[in-house]
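Below are the chains, spelled out letter by letter.
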There are 2 protein chains.
Amino acid sequence: MADVETARGLRKTLHDRGMRMTPQRQLVLDAVRSLEHATPEQICQRVQETAPTVNITTIYRTLDLLDRLGLVRHTHLGHGAPSYSVEDHQHVHLVCHVCGSIQEIPCELLDPLVGTLRERDGFELDASHLALSGTCRDCLKQEQEIE
Amino acid sequence: MADVETARGLRKTLHDRGMRMTPQRQLVLDAVRSLEHATPEQICQRVQETAPTVNITTIYRTLDLLDRLGLVRHTHLGHGAPSYSVEDHQHVHLVCHVCGSIQEIPCELLDPLVGTLRERDGFELDASHLALSGTCRDCLKQEQEIE
DNA sequence: CTATTTGCAAAGCTTTTGCTAAGTT
DNA sequence: AACTTAGCAAAAGCTTTGCAAATAG
């Protein structure tokens, strides 16, 4: 895995691919790092606090780039805009498909699964940004009452 | 869990909530059942083969309803429109966040996790429509080559 | 000088909302 | 009559595209 954690590492990684490190890219990355689970819209607002002329198009392009480099991840929590966060923000989301509520659990709970997929499929599961869908405790209870 | 598998069961479930079974709802459900992993757009096209005047608004409203009843599930495979399928279409998707490729694995692999979440959080994980994000074998190999 | 990146405006696609008409109980 | 549902049109929300100007190597 290319070193991409440090500013210098990122610069080199980009350079190896014929790309450049720019102020905009640094600002977007900083914003994602500090916000945790932010939509492109929210990230744009944060970046514009420092550099008001940065366009949301650049936010989208940069998020896509950083995602492909593995520096950030996006998750679809329910419908609507996806939510971006940095790679090391460690937890898993339980999304209730009935009420839309979201709770977080430690991602260590997925360690067994990560191992299984690595051996079976050569697939490196990113357990740090998962949205798992199901029914939450409250909605299960309500279903029983209607029945 | 309310019986919702049969046409009669669905009718009753709806009735208990002050709702009705309609031809449109039946058609949408049939379409989702036969298509497997279809977008609202595709479902609409299928429904319109039988009933050309059904509006896509109705598709959206019905999918949302069926989702809340637990009859269908939606998954976000990458960006763009979500993909709907019936509850019993059993497999899990591994989505590569680098190249976007998708592979399927049997959902039994998640049984241990389902048990853990049920005990720990009272959360009933729906393991039949999951999209797990990570890096696929090919993209892992390519990363190593660039390095 | 060449290639990459940005900002801007416009277009594109998906989804939701407001409202009226139609259908059920 | 009261209430749910459907269709339609318009609006809203999110994302991408095309292109010229700016910037970096």
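Anything mentioned here points back to the structure above.
Just so you know, these numbers come straight off a predicted model, no measurement behind them.

**Brief notes about the protein's contact with DNA strand D**
Taken together, 18 residues lie around DNA strand D, and Tyr-60 and Pro-82 of chain A together with Arg-20, Thr-22 and Arg-25 of chain B are the ones closest in. Measuring from a phosphate oxygen of DNA strand D, one finds a side-chain N or O atom of Tyr-60 of chain A at 2.4 Å. Between DNA strand D and Thr-22 of chain B there is a distance of 2.7 Å, counted from a phosphate oxygen to a side-chain nitrogen or oxygen. Mapped by element, the contributors of at least two residues to the surface near DNA strand D are α4 (56-69) of chain A together with α2 (23-35) and α4 (56-69) of chain B.

**Considerations on the relation of the copies chain B and chain A**
Mapping chain B onto chain A calls for a rotation angle of 180 degrees and an axial translation of 0.1 Å; the resulting RMSD is 0.2 Å. Here the transformation between the copies is reduced to the relation of a two-fold axis. Every residue of chain B has its C-alpha some distance from the rotation axis, and the shortest such distance is that of His-76 of chain B, at 3.5 Å.

**A few points about the interface of chain B and chain A**
Tallying the contact residues gives 44 residues for chain B and 44 residues for chain A. Interface of chain B and chain A: buried area, both sides summed, is about 3900 Å²; carbon and sulfur atoms make up 60% of it. Taken together, the links from chain B to chain A amount to zero salt bridges. Mapped onto the side of chain B that touches chain A, the elements with two or more residues apiece are α4, β1 (72-75), β3 (92-96), β4 (102-105), α5 (111-121), β5 (124-125), β6 (131-135) and α6 (137-146) of chain B. Top element by residues in the side of chain B that touches chain A is α5 of chain B. It accounts for five residues. By residue class, the composition of the side of chain B that touches chain A is 20 nonpolar, twelve polar and twelve charged. Of the strand pairs in this sheet, strand β5 (residues 124-125) of chain A and β6 of chain B are connected by two bridges, and their pairing is antiparallel. If you follow Leu-125 of chain A over to β6 of chain B, its bridge partner there is Gly-134 of chain B.

Criteria and thresholds
- Residues numbered from 1 in each chain as written.
- Chains lettered and ligands numbered in written order.
- Predicted model: local features only at pLDDT ≥ 70, side-chain atom pairs only at ≥ 80, totals over all residues.
- Heavy atoms only, no water.
- Near = heavy atom within 4 Å.
- Polar contact = N/O pair within 3.5 Å; in protein donor to acceptor, adjacent residues only side chain to side chain.
- Helix = DSSP H or I, 4+ residues; strand = E, 2+ residues; numbered from the N terminus.
- Least-squares fit on C-alpha atoms with pLDDT ≥ 70 in both.
- Contact = heavy atoms within 4.5 Å.
- Buried area = accessible area lost by both parts, 1.4 Å probe.
- Salt bridge = Lys/Arg side-chain N within 4 Å of Asp/Glu carboxyl O.
- Nonpolar A, V, L, I, M, F, W, Y, C, P; charged D, E, K, R; others polar.
- Pairing = 2+ DSSP bridges.

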